[in-house]
Amino acid sequence: MRPTFLGFETQKRTLQIAQKNLDITGNNISNINTPGYTRQRVDMYSMYVSGNRSIRWSSKTNNLSMQGQGVNAYGVAQIRDIFIDKRYRENVAVEAETNTKVQILSEIEDVLDDFETDGLQYFTTQFFNALQDYSAEKPDSTEVANIVVNTAKNLCRALNLYDEQLKEIEYTYVNELKDSVGYINDMVADMAELNDKIAREKIHLGVGYDPNELCDEMNLYIDDLSTFGNVEFNRNDDGTYNVMLGGVTILDGANGKTNRLIMKDYDNYGLAIVQYESGHPTNFISGSLKGYIDMLNGNGVYASGGQNSINGIAYYKSALNEFARTIATTFNTANGAEEDPSRKMFDSTIDAALITAGNIHISDSWLQDPTMIGKVRTLDPVTGLYKYGYDENKDDIRDDETSGLVNLQNTNVKYLISQFDNQKIKWGNCHDFEGSVYEYISFISNRLGQDISYELSRQETAMVTVNGLLDARDDVSGVQMDEEGINMLNYQKWYNASSRMVTALDDLLDKLINGTGRVGL
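Computed from a predicted model, the values in this text were never measured in an experiment.

A. Inspection of the overall build of the chain at higher detail. Counting its regular elements, the chain contains 12 helices and 16 strands. For the chain, buried positions account for 44% of its 521 residues. The contacts of the chain with a sequence gap of at least 6 include a subset with a gap of at least 24, amounting to 64%. Of the roughly 27,200 Å² that the chain leaves accessible, carbon and sulfur atoms contribute 50%.

So, in C-alpha coordinates, the structure goes:
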(Lines give C-alpha, C1' and ligand atoms only; values in the text may rest on other atoms or scores of the structure.)
Protein backbone atom coordinates (compact mmCIF):
# COMPACT_ATOMS: atom_id res chain seq x y z
CA MET A 1 0.00 0.00 0.00
CA ARG A 2 1.44 3.42 -0.91
CA PRO A 3 2.16 5.91 1.86
CA THR A 4 -1.16 7.16 3.15
CA PHE A 5 -0.28 10.85 3.31
CA LEU A 6 1.64 11.05 0.00
CA GLY A 7 -1.38 12.45 -1.81
CA PHE A 8 -1.85 15.09 0.87
CA GLU A 9 1.78 16.18 0.44
CA THR A 10 1.31 16.42 -3.31
CA GLN A 11 -1.81 18.54 -2.96
CA LYS A 12 -0.27 20.68 -0.26
CA ARG A 13 2.49 21.68 -2.69
CA THR A 14 -0.09 22.25 -5.39
CA LEU A 15 -2.07 24.59 -3.14
CA GLN A 16 1.13 26.44 -2.21
CA ILE A 17 2.18 26.89 -5.84
CA ALA A 18 -1.34 27.97 -6.85
CA GLN A 19 -1.37 30.47 -3.99
CA LYS A 20 2.08 31.75 -5.05
CA ASN A 21 0.86 32.23 -8.62
CA LEU A 22 -2.11 34.20 -7.32
CA ASP A 23 0.26 36.30 -5.20
CA ILE A 24 2.54 37.05 -8.15
CA THR A 25 -0.45 37.84 -10.40
CA GLY A 26 -1.73 40.25 -7.78
CA ASN A 27 1.74 41.80 -7.52
CA ASN A 28 1.84 42.27 -11.30
CA ILE A 29 -1.54 43.97 -11.32
CA SER A 30 -0.56 46.19 -8.39
CA ASN A 31 2.53 47.41 -10.26
CA ILE A 32 0.95 47.91 -13.65
CA ASN A 33 1.81 51.64 -13.54
CA THR A 34 5.13 51.36 -11.69
CA PRO A 35 7.97 52.76 -13.87
CA GLY A 36 10.51 50.09 -14.78
CA TYR A 37 8.52 47.21 -13.28
CA THR A 38 9.04 43.88 -15.04
CA ARG A 39 6.27 41.33 -15.13
CA GLN A 40 7.02 38.31 -12.95
CA ARG A 41 6.04 34.67 -13.11
CA VAL A 42 6.47 31.53 -11.04
CA ASP A 43 8.77 29.08 -12.80
CA MET A 44 7.27 25.63 -12.19
CA TYR A 45 8.31 22.08 -12.92
CA SER A 46 6.82 18.62 -12.50
CA MET A 47 8.29 16.86 -9.48
CA TYR A 48 11.11 14.52 -10.41
CA VAL A 49 10.95 11.00 -8.96
CA SER A 50 14.15 9.06 -8.41
CA GLY A 51 14.51 5.44 -9.53
CA ASN A 52 15.60 4.45 -6.03
CA ARG A 53 13.45 1.45 -4.95
CA SER A 54 13.13 2.90 -1.47
CA ILE A 55 10.68 5.47 -2.77
CA ARG A 56 8.75 3.10 -5.02
CA TRP A 57 5.37 1.68 -4.13
CA SER A 58 6.22 -2.00 -4.35
CA SER A 59 5.36 -5.40 -2.97
CA LYS A 60 5.75 -9.02 -4.08
CA THR A 61 2.90 -8.54 -6.54
CA ASN A 62 3.09 -4.80 -7.33
CA ASN A 63 5.91 -2.60 -8.51
CA LEU A 64 4.40 0.82 -9.22
CA SER A 65 6.42 4.00 -9.68
CA MET A 66 5.92 6.90 -7.32
CA GLN A 67 5.41 9.25 -10.29
CA GLY A 68 2.64 11.78 -10.03
CA GLN A 69 4.03 13.80 -7.13
CA GLY A 70 2.65 17.06 -8.42
CA VAL A 71 4.31 20.43 -9.04
CA ASN A 72 7.09 22.48 -7.52
CA ALA A 73 8.73 25.87 -8.30
CA TYR A 74 12.23 26.83 -9.35
CA GLY A 75 11.64 30.40 -8.26
CA VAL A 76 10.02 33.67 -9.29
CA ALA A 77 11.53 35.10 -12.47
CA GLN A 78 11.27 38.35 -14.37
CA ILE A 79 9.99 38.04 -17.91
CA ARG A 80 12.58 39.84 -20.02
CA ASP A 81 13.97 39.31 -23.50
CA ILE A 82 17.75 39.86 -23.35
CA PHE A 83 17.98 40.37 -27.11
CA ILE A 84 15.29 43.07 -27.14
CA ASP A 85 16.91 44.80 -24.15
CA LYS A 86 20.28 44.77 -25.90
CA ARG A 87 18.89 46.15 -29.16
CA TYR A 88 16.86 48.78 -27.33
CA ARG A 89 19.89 50.06 -25.45
CA GLU A 90 22.01 50.09 -28.61
CA ASN A 91 19.44 52.10 -30.52
CA VAL A 92 18.54 54.46 -27.69
CA ALA A 93 22.25 55.35 -27.58
CA VAL A 94 22.16 56.19 -31.30
CA GLU A 95 18.99 58.24 -30.76
CA ALA A 96 20.63 60.17 -27.90
CA GLU A 97 23.77 60.78 -30.00
CA THR A 98 21.81 62.11 -32.99
CA ASN A 99 19.54 64.19 -30.73
CA THR A 100 22.64 65.88 -29.31
CA LYS A 101 24.17 66.47 -32.74
CA VAL A 102 20.94 67.78 -34.25
CA GLN A 103 20.47 70.11 -31.29
CA ILE A 104 23.99 71.53 -31.58
CA LEU A 105 23.91 71.82 -35.38
CA SER A 106 20.51 73.52 -35.15
CA GLU A 107 21.95 76.11 -32.78
CA ILE A 108 24.81 76.68 -35.23
CA GLU A 109 22.19 77.06 -37.94
CA ASP A 110 20.36 79.65 -35.80
CA VAL A 111 23.59 81.67 -35.71
CA LEU A 112 24.33 81.21 -39.41
CA ASP A 113 20.68 81.07 -40.48
CA ASP A 114 20.90 84.31 -42.45
CA PHE A 115 24.29 83.41 -43.92
CA GLU A 116 23.02 83.76 -47.49
CA THR A 117 20.32 86.40 -46.88
CA ASP A 118 20.66 89.04 -44.16
CA GLY A 119 23.95 87.80 -42.75
CA LEU A 120 27.42 87.32 -44.13
CA GLN A 121 26.37 87.47 -47.76
CA TYR A 122 24.40 90.66 -47.11
CA PHE A 123 27.35 92.45 -45.51
CA THR A 124 29.68 91.14 -48.21
CA THR A 125 27.31 92.47 -50.87
CA GLN A 126 27.14 95.84 -49.11
CA PHE A 127 30.93 96.01 -49.20
CA PHE A 128 30.92 95.04 -52.88
CA ASN A 129 28.26 97.65 -53.74
CA ALA A 130 30.11 100.37 -51.85
CA LEU A 131 33.30 99.57 -53.78
CA GLN A 132 31.35 99.80 -57.03
CA ASP A 133 29.91 103.17 -56.05
CA TYR A 134 33.39 104.33 -55.13
CA SER A 135 34.79 103.14 -58.46
CA ALA A 136 32.29 105.37 -60.26
CA GLU A 137 33.59 108.40 -58.34
CA LYS A 138 36.96 110.10 -58.20
CA PRO A 139 39.38 108.20 -55.94
CA ASP A 140 39.88 111.28 -53.77
CA SER A 141 36.16 111.36 -52.90
CA THR A 142 36.53 111.01 -49.14
CA GLU A 143 32.78 110.84 -48.47
CA VAL A 144 32.26 107.84 -50.75
CA ALA A 145 35.48 106.24 -49.51
CA ASN A 146 34.17 106.50 -45.95
CA ILE A 147 31.09 104.53 -46.97
CA VAL A 148 33.39 101.74 -48.20
CA VAL A 149 35.22 101.75 -44.88
CA ASN A 150 31.95 101.57 -42.94
CA THR A 151 30.62 98.64 -44.98
CA ALA A 152 33.93 96.84 -44.44
CA LYS A 153 33.58 97.57 -40.71
CA ASN A 154 30.10 96.05 -40.74
CA LEU A 155 31.47 92.95 -42.45
CA CYS A 156 34.15 92.64 -39.76
CA ARG A 157 31.59 93.17 -36.99
CA ALA A 158 29.38 90.47 -38.48
CA LEU A 159 32.29 88.04 -38.42
CA ASN A 160 33.16 89.10 -34.85
CA LEU A 161 29.56 88.48 -33.79
CA TYR A 162 29.43 85.07 -35.48
CA ASP A 163 32.60 84.09 -33.67
CA GLU A 164 31.23 85.28 -30.33
CA GLN A 165 27.94 83.41 -30.79
CA LEU A 166 29.70 80.19 -31.82
CA LYS A 167 31.88 80.43 -28.72
CA GLU A 168 28.76 80.82 -26.60
CA ILE A 169 27.36 77.62 -28.13
CA GLU A 170 30.71 75.91 -27.64
CA TYR A 171 30.91 76.68 -23.92
CA THR A 172 27.24 75.89 -23.38
CA TYR A 173 27.90 72.36 -24.52
CA VAL A 174 31.24 72.12 -22.75
CA ASN A 175 29.28 72.74 -19.54
CA GLU A 176 26.60 70.25 -20.58
CA LEU A 177 29.30 67.64 -21.14
CA LYS A 178 30.73 68.38 -17.67
CA ASP A 179 27.25 68.02 -16.16
CA SER A 180 26.73 64.72 -17.99
CA VAL A 181 30.03 63.35 -16.67
CA GLY A 182 29.05 64.35 -13.13
CA TYR A 183 25.59 62.83 -13.53
CA ILE A 184 27.07 59.54 -14.75
CA ASN A 185 29.49 59.39 -11.81
CA ASP A 186 26.64 60.01 -9.35
CA MET A 187 24.53 57.37 -11.07
CA VAL A 188 27.31 54.78 -10.95
CA ALA A 189 27.81 55.50 -7.24
CA ASP A 190 24.10 54.81 -6.69
CA MET A 191 24.40 51.61 -8.73
CA ALA A 192 27.27 50.47 -6.51
CA GLU A 193 25.08 50.94 -3.42
CA LEU A 194 22.30 49.04 -5.14
CA ASN A 195 24.74 46.20 -5.88
CA ASP A 196 25.43 45.95 -2.14
CA LYS A 197 21.70 45.68 -1.43
CA ILE A 198 21.27 42.98 -4.08
CA ALA A 199 24.17 40.96 -2.67
CA ARG A 200 22.77 41.15 0.87
CA GLU A 201 19.27 40.17 -0.24
CA LYS A 202 20.53 37.36 -2.45
CA ILE A 203 22.08 35.62 0.57
CA HIS A 204 18.65 35.17 2.15
CA LEU A 205 16.92 33.94 -1.00
CA GLY A 206 16.92 30.40 -2.30
CA VAL A 207 18.40 29.20 -5.56
CA GLY A 208 16.36 30.51 -8.47
CA TYR A 209 15.14 33.57 -6.61
CA ASP A 210 16.35 37.13 -7.16
CA PRO A 211 15.47 40.42 -5.44
CA ASN A 212 13.44 41.25 -8.55
CA GLU A 213 12.41 44.72 -7.47
CA LEU A 214 16.06 45.69 -6.92
CA CYS A 215 16.92 44.20 -10.31
CA ASP A 216 14.19 46.39 -11.85
CA GLU A 217 15.83 49.42 -10.26
CA MET A 218 19.23 48.37 -11.66
CA ASN A 219 17.76 47.92 -15.12
CA LEU A 220 16.36 51.45 -14.96
CA TYR A 221 19.86 52.72 -14.19
CA ILE A 222 21.30 50.72 -17.09
CA ASP A 223 18.62 52.09 -19.44
CA ASP A 224 19.47 55.63 -18.32
CA LEU A 225 23.20 54.97 -18.68
CA SER A 226 22.69 53.63 -22.22
CA THR A 227 21.63 57.11 -23.40
CA PHE A 228 25.16 58.35 -22.68
CA GLY A 229 27.12 55.59 -24.42
CA ASN A 230 27.19 51.99 -25.55
CA VAL A 231 26.49 49.83 -22.48
CA GLU A 232 27.08 46.16 -21.72
CA PHE A 233 26.57 44.25 -18.47
CA ASN A 234 26.81 40.82 -16.90
CA ARG A 235 25.90 39.36 -13.51
CA ASN A 236 28.06 37.71 -10.90
CA ASP A 237 27.20 34.62 -8.86
CA ASP A 238 26.18 36.82 -5.94
CA GLY A 239 23.62 38.61 -8.12
CA THR A 240 25.61 41.83 -8.47
CA TYR A 241 26.12 43.58 -11.79
CA ASN A 242 29.25 44.41 -13.76
CA VAL A 243 28.57 47.31 -16.14
CA MET A 244 30.73 48.52 -19.02
CA LEU A 245 30.38 51.93 -20.67
CA GLY A 246 32.22 52.45 -23.93
CA GLY A 247 33.91 49.07 -23.60
CA VAL A 248 35.46 49.90 -20.20
CA THR A 249 34.20 48.56 -16.87
CA ILE A 250 32.63 51.42 -14.96
CA LEU A 251 30.99 49.29 -12.25
CA ASP A 252 32.67 46.16 -10.85
CA GLY A 253 30.04 44.43 -8.72
CA ALA A 254 32.19 41.46 -7.78
CA ASN A 255 34.82 43.69 -6.17
CA GLY A 256 32.56 46.56 -5.18
CA LYS A 257 34.49 49.12 -7.24
CA THR A 258 33.57 51.98 -9.54
CA ASN A 259 35.59 53.60 -12.32
CA ARG A 260 34.72 57.30 -12.48
CA LEU A 261 34.80 59.42 -15.62
CA ILE A 262 37.12 62.44 -15.63
CA MET A 263 36.85 65.44 -17.96
CA LYS A 264 40.04 67.39 -18.48
CA ASP A 265 40.09 71.17 -18.47
CA TYR A 266 38.73 72.31 -21.83
CA ASP A 267 40.54 75.66 -21.88
CA ASN A 268 43.95 74.10 -21.23
CA TYR A 269 43.65 71.41 -23.89
CA GLY A 270 41.33 73.14 -26.35
CA LEU A 271 39.58 69.79 -26.65
CA ALA A 272 36.78 67.86 -24.99
CA ILE A 273 38.77 65.02 -23.39
CA VAL A 274 36.92 62.47 -21.26
CA GLN A 275 38.72 59.46 -19.80
CA TYR A 276 38.33 56.97 -16.98
CA GLU A 277 39.81 57.22 -13.53
CA SER A 278 41.69 54.02 -14.33
CA GLY A 279 43.47 55.85 -17.15
CA HIS A 280 41.58 54.10 -19.95
CA PRO A 281 40.52 56.41 -22.79
CA THR A 282 36.87 56.53 -23.80
CA ASN A 283 35.85 55.03 -27.11
CA PHE A 284 32.13 55.59 -27.46
CA ILE A 285 30.48 54.25 -30.59
CA SER A 286 27.18 55.98 -29.79
CA GLY A 287 25.41 57.95 -27.06
CA SER A 288 25.10 61.59 -26.07
CA LEU A 289 28.70 61.73 -24.79
CA LYS A 290 29.88 60.82 -28.29
CA GLY A 291 27.56 63.51 -29.66
CA TYR A 292 29.08 66.18 -27.41
CA ILE A 293 32.67 65.08 -28.06
CA ASP A 294 32.15 64.83 -31.83
CA MET A 295 30.57 68.26 -32.03
CA LEU A 296 33.11 69.97 -29.77
CA ASN A 297 36.19 68.30 -31.28
CA GLY A 298 34.86 67.99 -34.84
CA ASN A 299 37.03 70.19 -37.06
CA GLY A 300 36.41 68.55 -40.42
CA VAL A 301 39.28 68.96 -42.88
CA TYR A 302 41.08 71.19 -40.39
CA ALA A 303 41.29 68.44 -37.74
CA SER A 304 44.59 68.05 -35.96
CA GLY A 305 45.84 66.64 -32.67
CA GLY A 306 42.97 65.01 -30.83
CA GLN A 307 40.30 66.52 -33.06
CA ASN A 308 38.06 64.43 -35.34
CA SER A 309 36.86 64.84 -38.92
CA ILE A 310 33.22 65.54 -38.00
CA ASN A 311 31.89 68.93 -39.10
CA GLY A 312 31.17 70.24 -35.61
CA ILE A 313 31.45 73.56 -33.79
CA ALA A 314 35.22 73.65 -34.30
CA TYR A 315 34.78 73.19 -38.07
CA TYR A 316 32.31 76.03 -38.47
CA LYS A 317 34.51 78.26 -36.33
CA SER A 318 37.44 77.32 -38.60
CA ALA A 319 35.33 77.97 -41.71
CA LEU A 320 34.53 81.49 -40.47
CA ASN A 321 38.15 82.04 -39.52
CA GLU A 322 39.21 80.96 -43.00
CA PHE A 323 36.66 83.30 -44.53
CA ALA A 324 37.99 86.22 -42.49
CA ARG A 325 41.62 85.28 -43.12
CA THR A 326 41.16 84.68 -46.85
CA ILE A 327 39.14 87.87 -47.36
CA ALA A 328 41.85 89.83 -45.53
CA THR A 329 44.69 88.14 -47.42
CA THR A 330 42.98 88.49 -50.81
CA PHE A 331 42.17 92.19 -50.48
CA ASN A 332 45.38 93.08 -48.67
CA THR A 333 47.41 91.42 -51.44
CA ALA A 334 45.31 93.03 -54.16
CA ASN A 335 45.92 96.41 -52.53
CA GLY A 336 49.70 95.90 -52.47
CA ALA A 337 50.21 95.05 -48.80
CA GLU A 338 52.85 92.44 -49.62
CA GLU A 339 55.18 95.20 -50.85
CA ASP A 340 54.03 97.79 -48.33
CA PRO A 341 52.37 96.71 -45.03
CA SER A 342 50.79 100.17 -44.72
CA ARG A 343 48.54 99.16 -47.64
CA LYS A 344 46.69 96.62 -45.48
CA MET A 345 42.92 96.96 -45.61
CA PHE A 346 42.23 94.36 -42.90
CA ASP A 347 44.25 93.45 -39.85
CA SER A 348 44.10 91.58 -36.55
CA THR A 349 43.19 93.36 -33.33
CA ILE A 350 46.14 91.53 -31.74
CA ASP A 351 49.59 92.48 -32.94
CA ALA A 352 51.23 89.87 -35.18
CA ALA A 353 48.35 87.44 -34.53
CA LEU A 354 46.75 85.34 -37.22
CA ILE A 355 43.57 86.95 -38.48
CA THR A 356 40.40 85.18 -37.34
CA ALA A 357 36.69 85.90 -37.41
CA GLY A 358 37.02 87.01 -33.82
CA ASN A 359 39.80 89.57 -34.28
CA ILE A 360 39.48 90.84 -37.86
CA HIS A 361 39.06 94.62 -38.15
CA ILE A 362 39.84 97.54 -40.41
CA SER A 363 43.52 98.49 -40.46
CA ASP A 364 44.56 101.75 -38.81
CA SER A 365 46.09 103.05 -42.06
CA TRP A 366 42.80 102.59 -43.92
CA LEU A 367 40.82 104.18 -41.09
CA GLN A 368 43.09 107.22 -41.10
CA ASP A 369 42.99 107.52 -44.89
CA PRO A 370 39.76 106.10 -46.36
CA THR A 371 40.91 106.94 -49.91
CA MET A 372 44.03 104.84 -49.43
CA ILE A 373 42.58 102.08 -51.62
CA GLY A 374 42.10 104.62 -54.42
CA LYS A 375 45.80 105.32 -54.59
CA VAL A 376 48.28 103.41 -56.72
CA ARG A 377 52.03 103.00 -56.49
CA THR A 378 54.06 104.60 -59.24
CA LEU A 379 57.79 105.05 -59.84
CA ASP A 380 59.01 108.65 -59.75
CA PRO A 381 61.35 108.94 -62.75
CA VAL A 382 63.16 111.87 -61.15
CA THR A 383 63.96 110.39 -57.75
CA GLY A 384 63.74 106.74 -58.73
CA LEU A 385 61.53 106.13 -55.69
CA TYR A 386 58.06 104.69 -55.51
CA LYS A 387 55.25 106.96 -54.43
CA TYR A 388 51.51 106.58 -53.90
CA GLY A 389 48.93 108.80 -55.51
CA TYR A 390 45.76 108.83 -57.47
CA ASP A 391 45.89 107.38 -60.95
CA GLU A 392 46.23 110.32 -63.30
CA ASN A 393 45.30 108.61 -66.52
CA LYS A 394 43.65 111.31 -68.62
CA ASP A 395 40.57 111.03 -70.80
CA ASP A 396 38.26 113.45 -72.54
CA ILE A 397 36.49 114.63 -69.38
CA ARG A 398 37.69 118.05 -68.23
CA ASP A 399 37.90 119.45 -64.75
CA ASP A 400 35.19 122.08 -64.11
CA GLU A 401 37.63 124.60 -62.65
CA THR A 402 40.68 124.24 -64.84
CA SER A 403 39.15 122.65 -67.92
CA GLY A 404 42.21 120.40 -67.96
CA LEU A 405 42.19 116.71 -68.84
CA VAL A 406 42.84 115.55 -65.31
CA ASN A 407 39.99 113.11 -64.59
CA LEU A 408 41.21 110.61 -62.02
CA GLN A 409 40.73 106.89 -62.71
CA ASN A 410 39.84 104.41 -59.92
CA THR A 411 41.72 101.47 -61.43
CA ASN A 412 42.89 100.00 -58.09
CA VAL A 413 39.34 99.95 -56.69
CA LYS A 414 38.13 98.20 -59.84
CA TYR A 415 40.85 95.62 -59.34
CA LEU A 416 39.66 95.10 -55.76
CA ILE A 417 36.11 94.61 -57.04
CA SER A 418 37.32 91.93 -59.45
CA GLN A 419 38.41 89.81 -56.47
CA PHE A 420 34.77 89.05 -55.64
CA ASP A 421 34.52 87.02 -58.85
CA ASN A 422 37.92 85.38 -58.53
CA GLN A 423 37.26 81.65 -59.07
CA LYS A 424 40.79 80.64 -58.06
CA ILE A 425 40.65 81.60 -54.39
CA LYS A 426 41.64 78.64 -52.22
CA TRP A 427 39.73 78.61 -48.94
CA GLY A 428 41.42 76.96 -46.00
CA ASN A 429 44.86 75.58 -45.41
CA CYS A 430 43.52 72.21 -46.52
CA HIS A 431 41.90 73.76 -49.61
CA ASP A 432 38.45 72.94 -48.27
CA PHE A 433 37.00 74.82 -51.23
CA GLU A 434 38.14 76.68 -54.34
CA GLY A 435 35.96 79.39 -55.80
CA SER A 436 34.68 82.93 -55.41
CA VAL A 437 33.66 84.71 -52.22
CA TYR A 438 29.95 84.19 -52.80
CA GLU A 439 30.44 80.56 -53.78
CA TYR A 440 32.27 79.88 -50.53
CA ILE A 441 29.44 81.42 -48.50
CA SER A 442 26.96 79.16 -50.30
CA PHE A 443 29.28 76.19 -49.82
CA ILE A 444 29.39 76.62 -46.02
CA SER A 445 25.63 77.19 -45.83
CA ASN A 446 24.92 74.11 -47.95
CA ARG A 447 27.34 71.97 -45.95
CA LEU A 448 25.60 72.91 -42.70
CA GLY A 449 22.24 72.02 -44.24
CA GLN A 450 23.60 68.66 -45.42
CA ASP A 451 25.06 67.89 -41.98
CA ILE A 452 21.73 68.62 -40.29
CA SER A 453 19.82 66.60 -42.88
CA TYR A 454 22.13 63.61 -42.38
CA GLU A 455 21.81 63.65 -38.58
CA LEU A 456 18.04 64.19 -38.78
CA SER A 457 17.77 61.14 -41.01
CA ARG A 458 19.74 59.06 -38.49
CA GLN A 459 17.66 60.46 -35.66
CA GLU A 460 14.35 59.59 -37.31
CA THR A 461 15.52 56.06 -38.11
CA ALA A 462 16.70 55.55 -34.51
CA MET A 463 13.45 56.95 -33.09
CA VAL A 464 11.32 54.57 -35.18
CA THR A 465 13.52 51.63 -34.15
CA VAL A 466 13.48 52.62 -30.46
CA ASN A 467 9.69 53.03 -30.43
CA GLY A 468 9.28 49.65 -32.08
CA LEU A 469 11.61 48.01 -29.58
CA LEU A 470 9.83 49.73 -26.68
CA ASP A 471 6.54 48.26 -27.88
CA ALA A 472 8.17 44.84 -28.24
CA ARG A 473 9.65 45.11 -24.75
CA ASP A 474 6.32 46.15 -23.28
CA ASP A 475 4.68 43.16 -24.96
CA VAL A 476 7.17 40.87 -23.24
CA SER A 477 7.88 42.59 -19.93
CA GLY A 478 4.96 44.94 -19.41
CA VAL A 479 1.91 44.04 -17.35
CA GLN A 480 -1.19 43.47 -19.49
CA MET A 481 -4.38 43.75 -17.47
CA ASP A 482 -6.39 41.36 -19.66
CA GLU A 483 -3.69 38.70 -19.55
CA GLU A 484 -3.24 38.99 -15.79
CA GLY A 485 -7.01 38.83 -15.29
CA ILE A 486 -7.18 35.58 -17.25
CA ASN A 487 -4.22 34.21 -15.28
CA MET A 488 -5.93 35.11 -12.01
CA LEU A 489 -9.08 33.21 -12.99
CA ASN A 490 -7.04 30.18 -14.09
CA TYR A 491 -5.01 30.11 -10.88
CA GLN A 492 -8.16 30.52 -8.81
CA LYS A 493 -9.76 27.54 -10.57
CA TRP A 494 -6.56 25.60 -10.08
CA TYR A 495 -6.59 26.44 -6.36
CA ASN A 496 -10.26 25.43 -6.04
CA ALA A 497 -9.66 22.14 -7.85
CA SER A 498 -6.67 21.36 -5.63
CA SER A 499 -8.75 22.14 -2.55
CA ARG A 500 -11.42 19.75 -3.78
CA MET A 501 -8.76 17.08 -4.25
CA VAL A 502 -7.72 17.50 -0.62
CA THR A 503 -11.35 16.99 0.39
CA ALA A 504 -11.55 13.84 -1.74
CA LEU A 505 -8.34 12.51 -0.22
CA ASP A 506 -9.72 13.25 3.22
CA ASP A 507 -12.86 11.24 2.41
CA LEU A 508 -10.74 8.34 1.16
CA LEU A 509 -8.61 8.36 4.28
CA ASP A 510 -11.70 8.53 6.50
CA LYS A 511 -13.11 5.50 4.69
CA LEU A 512 -9.84 3.65 5.05
CA ILE A 513 -9.52 4.35 8.77
CA ASN A 514 -13.09 4.26 9.94
CA GLY A 515 -14.85 2.10 7.41
CA THR A 516 -12.47 -0.74 6.62
CA GLY A 517 -13.63 -4.11 7.95
CA ARG A 518 -17.13 -2.99 8.95
CA VAL A 519 -19.60 -5.03 7.02
CA GLY A 520 -22.39 -3.11 5.39
CA LEU A 521 -20.75 0.24 5.76
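B. Spotlight on the nonpolar core. Phe-127, Phe-346 and Trp-366 are the most contacted members of the largest nonpolar core, which has 94 residues in total. Looking at this core element by element, the count peaks at 22 residues for helix 4 (residues 142-204). Grouped together as the second largest cluster of nonpolar side chains are six residues, Ile-17, Ile-24, Val-42 and Val-76 included.

C. How the structure looks around the pairing of strand 6 (residues 241-245). Counting buried positions along strand 6 gives four out of five residues, so the element sits mostly inside the fold. Relative to strand 6, strand 5 (residues 231-235) runs antiparallel, the two sharing five bridges. By the bridge assignment for strand 6, Val-231 is matched with Leu-245. Relative to strand 7 (residues 248-252), strand 6 is paired through four bridges, and the arrangement is antiparallel. Following the sheet pairing, Asn-242 is matched in strand 7 by Asp-252. What sits between the antiparallel neighbours strand 6 and strand 7 is a turn of two residues, in which Gly-246 has the positive phi angle 65 degrees.

D. The side chain of Glu-484, seen in detail. Relative to the assigned elements, Glu-484 resides in helix 12 (residues 481-515). The exposure class assigned to Glu-484 is buried, which follows from its relative accessible area of 1%. Apart from the residues within four sequence positions on either side, Glu-484 is in contact with Thr-25, Asn-28, Ile-29, Arg-39 and Val-479.

E. Fine view of the environment of Asn-21. Tracing the sequence through the fold places Asn-21 in helix 1 (residues 6-30). On the accessibility criterion, Asn-21 (3% relative accessible area) is buried. Sequence separation between Asn-21 and Tyr-495 is 474 residues, and the spatial gap between their C-alpha atoms is 9.7 Å. Those residues within four positions of Asn-21 in sequence are excluded, and the remaining contacts are Val-42, Met-44, Tyr-491 and Trp-494.

F. Region of the structure containing the confidence of the model for the chain. When pLDDT is averaged along the chain, the result is 87; 89% of the residues meet or exceed 70. Here strand 2 (residues 57-58) is the element of the chain with the lowest mean pLDDT, 54, and helix 7 (residues 288-297) is the one with the highest, 96.

Thresholds applied
Residues numbered from 1 in each chain as written. Predicted model: local features only at pLDDT ≥ 70, side-chain atom pairs only at ≥ 80, totals over all residues. Heavy atoms only, no water. Helix = DSSP H or I, 4+ residues; strand = E, 2+ residues; numbered from the N terminus. Buried < 20%, exposed > 50% of the residue type's maximum accessible area, 1.4 Å probe, protein only. Contact = heavy atoms within 4.5 Å. Areas by Shrake-Rupley, 256 points an atom, 1.4 Å probe, with all protein chains shown as cover. Core = buried A, V, L, I, M, F, W, Y, C linked by side-chain atoms within 4.5 Å. Pairing = 2+ DSSP bridges. pLDDT = per-residue confidence, 0-100.

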